[in-house]
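# Fold and contact review
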Amino acid sequence: MGLPKERHSGYSQEVQKGSFLRDLTAENISSGIIASTLVMTGPALIILQAASAGGFTDQQTINWMFAVYFFGGVYSILLPLLYRIPITGGHSITGAAFLATVTAQYSYPELIGGYVMSGLLIFLVGISGLFTKIIGWVPKEVIASMLGGLVAGYVVKLVPAIQEMPVIGGAALISFLLFTRYVKKFPPVLAAVAIAFAVLYLTADLNPAKEIAYFLPSIQVPEFSWMGFVTIALPLAMLILSNDAAPGIGALESEDFKPPIRKIVSSSGAFSIITSFFGGQCANIAGMMSAICAGPDSGPKEKRYMGAVVSGAITIVFGIFAWRIVPFIQSLPQAFVSLLAGFALIGVLHSSLQMGFSENRYRLSALAAFIVTLSGISFLHISAPVWGLIAGAVLARTIER
């Protein structure tokens, strides 16, 4: 599962005459809005679930939301303007889902230390490539199956959520299926989320349960440990590299862009380190968002980079107003939150299971990784996803070698 070989930048070598604002089109603005909406819905809910599981204070939760969206947005503006390629920034939804399994097991400073070390590992991938050998030791089928086991719990909660809120859940499900079948150019997840919010607005009171006073984001003090490196930093970095960096770069290359791969990965690491000191787990190239902004629906190829810029600007605003948004999201019914998180992760679950079990090799290893992760066990302060990776990797390199 290594990253592609280094290539030279495409449009970064061409001097763009005139203001970049002239490259704004209806198509790339639309793609930027869709991409930013994708990262501001399900992933935000999963962050709040992880923060709740860890007993975070309101200030720690808002710091987390601010950090990943603000610095992810800055990343999404700087790199596209620098290279004239739709390198779209955000944060890792799979990383947030993973952290929901470990936030309760570590102190807040230990989590921050894990984020810092994860960003450092990603940075080392970009500048040296040494860490790709460690990633390569774990077959991509095992990583994909671990991810499938990680998100399956969220997707399964769709069923009781629809049972508890049949009108809202039914409307969201029908819209998801209709858009999947008939509207190929608009993500069905966004359609389901929009319909769910519309029906909830018509049937319930959406006033925030509490008000949180504005405060400036602050630097967080990390605490480093070997346990944090093994159980937080290492799996988080692998998830970001395998499920965000590699798909994002692949999406750019599939549209005949020539992304500067080492610079993209190393900058993802650098931005993640900065983000971690403000309480966020990462800020990096986002796979699905880059695919949306790089696609043909974003208009002329030489102008598609502005879709990433638009997405970045919107997510920056979202991060700045996290102190207002968090209380609103916290006031949503728990079944509704589970509903949105489930829809947001359906695509991740489908692609993970497909990658993990579509080929004959490593089937036992992939199954072990999936089952162990799905079990949710915690042993020696090590969470189920890490045990799943260990079990799958050991079986792959011994029994199914």
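All figures in this text were calculated on a predicted structure; none of them were measured in a lab.

## Side note on the overall build of the protein
Secondary structure assignment for the protein yields 18 helices and four strands. Burial statistics for the protein: of 401 residues in total, 55% are counted as buried. Total accessible area on the protein stands at roughly 16,800 Å², and carbon and sulfur atoms take up 66% of it.

## A few points about the layout of surface pockets
As a volume, the largest pocket reaches approximately 1,300 Å³. Taken together, the elements giving at least two residues each to the lining of the largest pocket come down to α1 (26-40), α4 (93-99), α7 (140-156), α10 (188-203), α11 (226-254), α13 (287-294) and α16 (334-357). A per-element tally of the lining of the largest pocket places α16 first, with eight residues.

## Concerning helix α2 (residues 42-53)
Between its first and last C-alpha, α2 extends 17 Å over 12 residues, near the 16 Å set by a 1.5 Å rise per residue. Within α2, 10 of the 12 residues are buried, leaving the element largely enclosed by the surrounding structure. Inspection of α2 places Gly42, Pro43, Ala44, Leu45, Ile46, Ile47, Leu48, Gln49, Ala50 and Ala51 among the buried residues, and these make up the whole buried set. Positive phi shows up at Gly55, right after α2, with a value of about 65 degrees.

## What to know about a nonpolar patch on the surface
A cluster of nonpolar side chains, Phe20, Leu21, Leu24, Ile29 and Ile33, forms an exposed patch at the surface whose accessible area comes to about 390 Å². Along the chain, Ile33 falls in helix α1. Classification of Ile33 as partly exposed rests on a relative accessible area of 40%.

## Considerations on the confidence of the model for the protein
Within the protein, residue pLDDT values average 82, and 89% of them lie at 70 or more. In this model residues 7-18 is a low-confidence stretch, pLDDT under 50, and it forms 24 contacts with partners more than four residues away in sequence or in other chains.

## Examining the packing of aromatic side chains
One pass over the structure, following the stated rule, counts 13 aromatic pairs. Where Phe66 meets Phe70, the ring centres are 5.0 Å apart and the plane angle is 15 degrees; that geometry is what we call stacked. Within this pair, Phe66 and its partner Phe70 are both found in helix α3 (residues 58-83), separated by four residues, close to a single helical turn. Residue classification places Phe66 among the buried positions, given a relative accessible area of 12%. Pairing Tyr75 with Phe271 gives two aromatic rings, centres 5.2 Å apart and planes at 90 degrees, and the pair type is edge-to-face. Of this pair, Tyr75 sits in helix α3 while Phe271 sits in helix α12 (residues 261-276); the two residues are 196 residues apart in sequence, bridging distant segments of the chain. The two residues Tyr75 and Phe271 agree in class, both being buried. Within the aromatic cluster, the residues linked to one another by ring pairs are Phe56, Trp64, Tyr108 and Tyr115. Seen from the ring of Phe257, Lys301 lies directly overhead, with NZ or CZ sitting 5.1 Å from the centre. We note Arg324 situated over the ring of Trp323; from NZ or CZ to the ring centre the distance is 5.4 Å.

## A short note on the pattern of salt bridges
Considering all chains together, one arrives at one salt bridge under this definition. A salt bridge links Glu141 to Arg361, with the shortest nitrogen-to-oxygen separation between them at 2.9 Å. Residue Glu141 is located in helix α7, and its partner Arg361 is located in the loop between α16 and α17 (363-375); the two are separated by 220 residues in the primary sequence. A relative accessible area of 1% means that Glu141 is categorised as buried.

## Looking at the nonpolar core
Counting 114 residues, the largest nonpolar core has Trp64, Met65, Tyr69, Ile87, Phe336 and Leu339 as its most contacted members. Each residue touching Met65, except ones within four places of it in the same chain, is listed here: Ala44, Ile47, Leu48, Phe318, Gly319, Ala322, Val326 and Ile329.

Here is what the cut-offs are and how they apply
Residues numbered from 1 in each chain as written. Predicted model: local features only at pLDDT ≥ 70, side-chain atom pairs only at ≥ 80, totals over all residues. Heavy atoms only, no water. Helix = DSSP H or I, 4+ residues; strand = E, 2+ residues; numbered from the N terminus. Buried < 20%, exposed > 50% of the residue type's maximum accessible area, 1.4 Å probe, protein only. Areas by Shrake-Rupley, 256 points an atom, 1.4 Å probe, with all protein chains shown as cover. 1 Å grid on protein atoms, 1.4 Å probe; cavity = no way out; pocket = protein on both sides within 12 Å on 5 of 7 lines; lining within 4 Å. Points joined across faces, edges and corners; volume = space filled by probe spheres on them. Expected span 1.5 Å × (residues − 1). Patch = residues over 30% accessible without salt bridge, like charges linked within 9 Å, V, L, I, M, F, W, Y side chains within 5 Å. Salt bridge = Lys/Arg side-chain N within 4 Å of Asp/Glu carboxyl O. pLDDT = per-residue confidence, 0-100. Contact = heavy atoms within 4.5 Å. Phe/Tyr/Trp six-rings, centres within 6.5 Å; stacked < 30°, edge-to-face > 60°. Lys NZ or Arg CZ within 6 Å of the ring centre and 35° of its normal. Core = buried A, V, L, I, M, F, W, Y, C linked by side-chain atoms within 4.5 Å.

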